Amino acid sequence: MFADLLGRLHLSDFQHDMIATGGQLSIVFGILGIVGLLFYLKRWKWLWREWLTSQDPKKIGVMYIIVAFVMLIRGLGDTMLLRTQQATSVGNSHGILTSDHFQQIFSAHGTLMIFFVAMGLMFGLINLILPLQIGARDVAFPFLNSVSFWLFAAGMGLVNLSLIVGEFSAAGWLAYPPLSGIALSPGVGVDYWIWSLQIAGVGSLLSGVNFLVTILKMRAPGMTLMKMPIFVWSVLGSMTLIVFAFPFLTGALALLGLDRTIGTHFFTSDLGGNPMMYVNLIWAWGHPEVYVLVLPAFGIYSEVVATFARKRLFGYTSMVYALASITVLAFLVWLHHFFTMGAGANVNTFFGIMTAVIAIPTGVKVFNWLFTMYRGQIHFKTPMMWFLAFVVTFTIGGAAGVLMSIPAADFQLHNTLFLVAHFHTMIVGGVLFGYFAGFSYWFPKIFGFRLNERLGRYALYSWLVGFVLAFVPLYILGIMGATRRLDHYDASLGWQWLFIIAAIGALTILLGVGFQVAQLVVSIITRYDNRDLTGDPWDGRTLEWSISSPAPVYNFAVIPTVTDRDAFWESKQSEAVKLPPVYTDIVLPKNTGMGVIIAGFAFLFGFAIIWHIWWLMVIALFGIIGSMIVRASDDDTEEVITADEVARIEIAAAQRSVL
Amino acid sequence: MSHKLSAEQVQFDTDKTIFGFWVYILTDCVLFASLFATYAVLRNGTAGGPSGAELFNMPYVLVETLLLLTSSFTSGMALLAATKRNKSATLMWLGITFALGTIFVGMELHEFSNLVQDGNSWRRSGFLSAFFTLVGAHGLHITAGLLWLVALVQQVVQKGFTSGTLKRLQLFSLFWHFLDIVWIFIFTIVYLIGVVKV
Amino acid sequence: MNHPTGNDHGTTSSYVIGFVISIGLTLNSYYLVVNKVLAGNTLLLALGGLAAVQLFVQLYFFLHLGKGPNARLNKLLFSLMFIIVVIVVGGSLWIMKHLNYHNMTPAQTSHSIIRDEGYQK
Amino acid sequence: MKKNYKILGIIVVSMGVVLVAGFLLRHNTFAVLQPRGVIAEKQRTLIITATLLMLLVVVPVLAMTAGIAYKYRATNKKARYTPNWDHNLTAETIWWTIPFVLVAVLGVITWNSSHELDPFKPIASTTKPITIQVVAMQWKWLFIYPDQNIATVNYVQFPKNTPVNFQITSDAAMNSFWIPQLGGQIYAMAGMTTQLHLMANDVGKFRGASANLSGAGFAGMKFIAESSNSSDFKEWVNGVKRSPERLTMANYAQLARASSNVAPKTYAWEDSALYDNLIMKYMGTDNSAMHMAGMTE
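A. Fine view of the overall build of chain D. Within chain D one finds six helices and eleven strands. For 297 residues, the compact-globule formula gives about 19 Å, and the C-alpha radius of gyration of chain D, at 27 Å, lies well above that figure. Summarising its shape, the C-alpha atoms of chain D cover approximately 85 × 45 × 40 Å along the three principal directions. Sorting the 297 residues of chain D into buried and exposed places 52% on the buried side. Relative to all contacts within chain D whose residues are 6 or more apart in sequence, the contacts with residues 24 or more apart total 68%. When the accessible area of chain D is evaluated, it comes to approximately 13,800 Å², of which 67% is carbon and sulfur surface.

B. A look at the pairing of strand β3 (residues 150-153) of chain D. Residues and elements named next belong to chain D. Burial of β3 is two-sided: the residues Ile-150 and Thr-152 facing one way and the residues Ala-151 and Val-153 facing the other way are all buried. Bridge analysis of strand β2 (residues 140-145) against β3 gives four bridges, and the strand direction is antiparallel. Bridging from a neighbouring strand, Leu-142 pairs with Val-153 of β3. Turn length for the β2-β3 hairpin, with the two strands adjacent in sequence and antiparallel, is four residues, and the turn residue Asn-149 shows positive phi of about 55 degrees. By the bridge criterion, three bridges tie β3 to strand β11 (residues 265-267) in an arrangement that is antiparallel. Looking at β11, one finds that Ala-151 is bridged to Tyr-267.

C. The interface of chain A and chain D, seen in detail. The partner chain D presents 79 residues to the 88 residues of chain A that form the contact. The junction of chain A with chain D conceals about 7,600 Å² of combined surface from both sides, 71% of it contributed by carbon and sulfur atoms. Considering only the surface of chain A that becomes buried against chain D, Phe-367, Arg-375 and Gln-412 of chain A emerge as the three largest contributors, covering 11% of it. Run the count over chain A and chain D and you get two salt bridges. Taking the shortest distance from any N to any O, the salt bridge between Asp-86 of chain D and Arg-312 of chain A comes out at 3.8 Å. For the side of chain A that touches chain D, the elements supplying multiple residues, two or more each, are α5 (99-133), α9 (275-308), α10 (316-329), α11 (345-373), α12 (382-404), α13 (407-413), α15 (453-479) and α16 (496-525) of chain A. Looking at the side of chain A that touches chain D element by element, the count peaks at 14 residues for α11 of chain A. The residue inventory of the side of chain A that touches chain D, partitioned by class, reads 52 nonpolar, 26 polar and ten charged.

D. Seen up close, the side chain of Ser-22 of chain C. For Ser-22 of chain C, the position within the fold is in helix α1 (residues 12-34). Within the local environment of Ser-22 of chain C, its side chain forms a polar contact with the backbone oxygen of Gly-18 of chain C, the two atoms lying 2.8 Å apart. Apart from the residues within four sequence positions on either side, Ser-22 of chain C is in contact with Leu-69 of chain B together with Gln-54, Val-57 and Gln-58 of chain C.

E. Examining the domain arrangement of chain D more closely. Residue and element names in this part refer to chain D. Partitioning chain D into domains gives domain 1 (36-117) and domain 2 (130-296). Across the domain 1 to domain 2 interface the summed buried area is about 690 Å²; carbon plus sulfur atoms make up 49%. The three residues of domain 1 that bury the most area against domain 2 are Arg-36, Val-38 and Ile-39, which together make up 69% of that side's buried surface. If you look at where domain 1 meets domain 2, you find zero salt bridges. Counting every contact that joins domain 1 to domain 2 gives seven residue pairs in polar contact (both at pLDDT 80 or more). Tallied by class, the residues present in the side of domain 1 that touches domain 2 amount to three nonpolar, two polar and two charged.

F. Just the packing of α11 of chain A against helix α3 (residues 71-98) of chain C, in detail. Here α11 of chain A crosses α3 of chain C at 145 degrees, and the two axes come no closer than 9 Å. Where α11 of chain A abuts α3 of chain C, its residues Asn-346, Val-347, Phe-350 and Phe-351 of chain A lie against Trp-94, Ile-95 and His-98 of chain C. Across the contact of α11 of chain A with α3 of chain C, the residue classes break down as five nonpolar, two polar and no charged.

G. Representation of the packing of aromatic side chains in the model. All names here are of chain A. What the rule picks out here adds up to 95 aromatic pairs over all chains. A ring pair is formed by Phe-390 and Phe-394, whose centres lie 4.9 Å apart and whose planes are at 35 degrees; its orientation type is tilted. Remark: Phe-394 and Phe-390 occur in helix α12; sequence separation between them is four residues, near one turn of the helix. Put simply, the rings of Phe-69, Trp-386, Phe-433, Phe-436, Phe-439, Phe-443, Phe-447, Phe-449 and Trp-463 pair up and form one aromatic cluster. Note that Lys-59 overlies the ring of Trp-51, its terminal NZ or CZ placed 5.6 Å from the centroid. Seen from the ring of Trp-569, Arg-541 lies directly overhead, with NZ or CZ sitting 4.2 Å from the centre.

Conventions adopted
- Residues numbered from 1 in each chain as written.
- Chains lettered and ligands numbered in written order.
- Predicted model: local features only at pLDDT ≥ 70, side-chain atom pairs only at ≥ 80, totals over all residues.
- Heavy atoms only, no water.
- Helix = DSSP H or I, 4+ residues; strand = E, 2+ residues; numbered from the N terminus.
- Rg over C-alpha atoms; globule rule 2.2 N^0.38 Å.
- Buried < 20%, exposed > 50% of the residue type's maximum accessible area, 1.4 Å probe, protein only.
- Contact = heavy atoms within 4.5 Å.
- Areas by Shrake-Rupley, 256 points an atom, 1.4 Å probe, with all protein chains shown as cover.
- Pairing = 2+ DSSP bridges.
- Buried area = accessible area lost by both parts, 1.4 Å probe.
- Salt bridge = Lys/Arg side-chain N within 4 Å of Asp/Glu carboxyl O.
- Nonpolar A, V, L, I, M, F, W, Y, C, P; charged D, E, K, R; others polar.
- Polar contact = N/O pair within 3.5 Å; in protein donor to acceptor, adjacent residues only side chain to side chain.
- Domains from an automatic or database assignment.
- Axes fitted to C-alpha atoms, helices over the stretch in contact; angles between N-to-C directions.
- Phe/Tyr/Trp six-rings, centres within 6.5 Å; stacked < 30°, edge-to-face > 60°.
- Lys NZ or Arg CZ within 6 Å of the ring centre and 35° of its normal.

Take a look at the structure:
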């Protein structure tokens, strides 16, 4: 009786082969180490009071970025395993991994990098900076923001739990049926994939709604849409895409989950199912998703180039039109992910041309950035360097993308390493470089001291050289006819030395991450000399630089009135005498542990469904509903910071800036 | 609220929450759109099993539709009574809405159990999977609405018409009307077009 | 800021009107189908039209799309959602119809390709 | 001057790397760029023309980036500084229209090439085409010759300069049937038939593989496609006709057991309805003319 009490979970699910046990132990000892440290430093109360229950979007933003960096390191660990396998598994040697384990690793690599590194960094930076840029004290729904983060963390937890108990999906980061169906993937792997993405997906959708309402309803007085900073515009576009695209992901995952759990026939090959509909649904979300990630990065580039070239952003209106047209066009191109499914020439041509049309607004943005730099005074700090690395990589990757937008050319390049190199150029060169630029640009505003410039540049050089070394060989291999996801290939093909260079490239990227960690450590140690006393380390243009660093919990003591674009730059130039501010009481949301609790129940719910532990699933469901009802009936959810408390903080900050 | 928020601030928060809930409803529309698209694609995937024409009992479905439409109307009446701070009328209308909604869900479960007993469960074919999931998802939303309604009635009884309860009543009536609109499309696309030999 | 007056949530009469019209539309489409008044594509168009009319009736009378503090934003976002749903659902159906080439026998497929795509055999 | 040496150094090093790489690559076969089939040749010219068109934009953008970044660096006092110059109608119209024109040209190319190179479109040729039915199984390819009554595994041969009509289905996960040197790929899916029309220009052995993940043995799902002149082809067919094994439904079931890196095998007479039975197996009996009741369980 006891056996079926735990559904299909058995002791054997804890045993793994040699390398997987390495992953398992690193996670277990990592967690035990942290827990032990917290007990040793007696910091549990501090952690619960300051961080876990915090409703302050800046704290939640920092937690997003921490989770994203940890997942980046795990993702790069997967990369090293993949590259080692492909560099050694030639002819009669089969490298270090079995095929199934290799497929689990690249599935986990893709899922982690998109859903937990890229989305994590994006939501982290948006939480940190968006309220500051629009002159608001908080997001529209602070509690919803906390629940969204903890659902994101619960999804991340589930993915990593698959390293300890059970296995992960071996069907790629988008798990096409019939391979991901119950017939061909009977294990729990695909269920882990489905339910961690459902939980993280609900978190992302709620964040999308939250920030859409924040931008539309909570801008400072006087800040009309056309006076908003361009980063806010890019986030508006990105959130619109999330709000209207993520339901397709929820739908597709739910239907695949039903297929696997209660035996429906949505995507089975037989009994009336249609696997092609899954491919259609998942990419109807898939392509808007990659624009969800890249639009905020475009926004960051606009802010960084304008600030470091000491110039207004060139062509603000046409940049806004470009963002808006990308947001709409993102919903018109998804079939280019399956030209080779054979939907006929008319359908392929329509989606091919629409894919090429998206290159127009992107090209316009690049020209506008160049002309922002034109006749400016460019200071080559790390954020600006990340932008230049972006232009170099993104332009080439974009050209490869437009090439593959032609169906007949895509027939030869689809699912080859050429395609793999293309989308890595877009995501590493476009999205990741953008968020690294944003991270080093806004770091002083959040932590009060600047990052070490020299180590930042070394990190950039390693990332860029590593990127070229890792992906140029893949472009070449793609042209040679090498398909993606190969865990073994014949020696006669002469590909091995290119895979070895790619492995060296991956090592160089790892070196880059090492420099980033070193930069963080060195900057923390020498933070006293690099302190940002004025709140405006880069002579910035937008509102977030108008307040002290690190930004106080209420952001703006007095909500500013905005008269023009680049609100802070204009106020710096104008000689109008500034009246001493009149401080008032500020109402901020009170810390609550409900976000952690709801996400904890969601984690249990996901775990229970994966392992078919039905009683636990019902308990977790009641836990979620119960917590919501408890939260809804709790009226004492806000606290007040009195006017003189605000005055005391503001004066202390002013004194610091005089030092 | 433990401390005085200006009436203007309360009104701003209410409008902001209602606007946020409206955006949530739009995302739910897109979710139903994906289920409708899947239903439309799998409509002919009956795999030798029965199609809509043989399974649907039209008068039964018409009663269901009129019940839900009426309960949507009564939820509107409840909101009007609430804005006039008439507690007994509000509770009466909410009670009717709850009753009609429960009968609707009961009828739907009855229809489902008949289908399953005749061997036409969601495991039988792609068409039946899509039917059960689309109509079932709507049924789940209705059930969630009914649970929410119970919590609301309890709050109106205990706390009367605070700005919070008024706000939540508005949210509930938005949600209920939205579900009736989704049912219009289910009634037309699944049942009416399902019965027609197209 | 306008305080919560009655007109934001409609009046009794607006609800009754909306209710009656909706019942009429529902019964009408039901009547068309059960008594087989129309058939084929005309029936589909009629049913689609009746459903669309009822959609906008309920949006106006029950959901008060046009009124209230966020009227302009609500309408803007609703129409954006509507366009995106039409694009993606319509696009999906168009794609899946074309993907049906595979379910026919090769001979049928070549014939229909020539008809659809306009090749000369 | 130190900065200039550094930049020069970078340029020289990168040129050196490119040269060495080119030297090392001289023996490799660039399947996509060294086609041996009619379709693949057209696709190669298409790829090259599109890439050249793209370079019209990529090269100027990279040059402008380097030039502007260098000329307007903060330390260069001579450069003009106009902080508030933030729009210019002519400049903006230029960079809205240039990409538009480029995309319009690409659009025309896309329309023509998609219709001309549609995998479902038969190749116009005087010689009589040969039909080959392909079944993607759990990590191997089965080729059935309905007209020649033979079948092979992981090896397919056809005469050169004769159009080959591939009718492709799958018996398990989704795969992608791809012979890079002969033409583009097409998905192989269970319960349906996709088509691919190729024609080899001259004699040779070409590598074929599945381009879509289909499970653990995916990497071993490769085959050899050989084109020979028609006399050799006839000889080969007769040779296969004499091979001991016959591909009956029982033999097929044994072959269908999951295995990867399967050495080429040949079968003589085979059950000609096998290919259609495989599709019916998934189809159920709803929208197909033949009611194969027995096949639906």
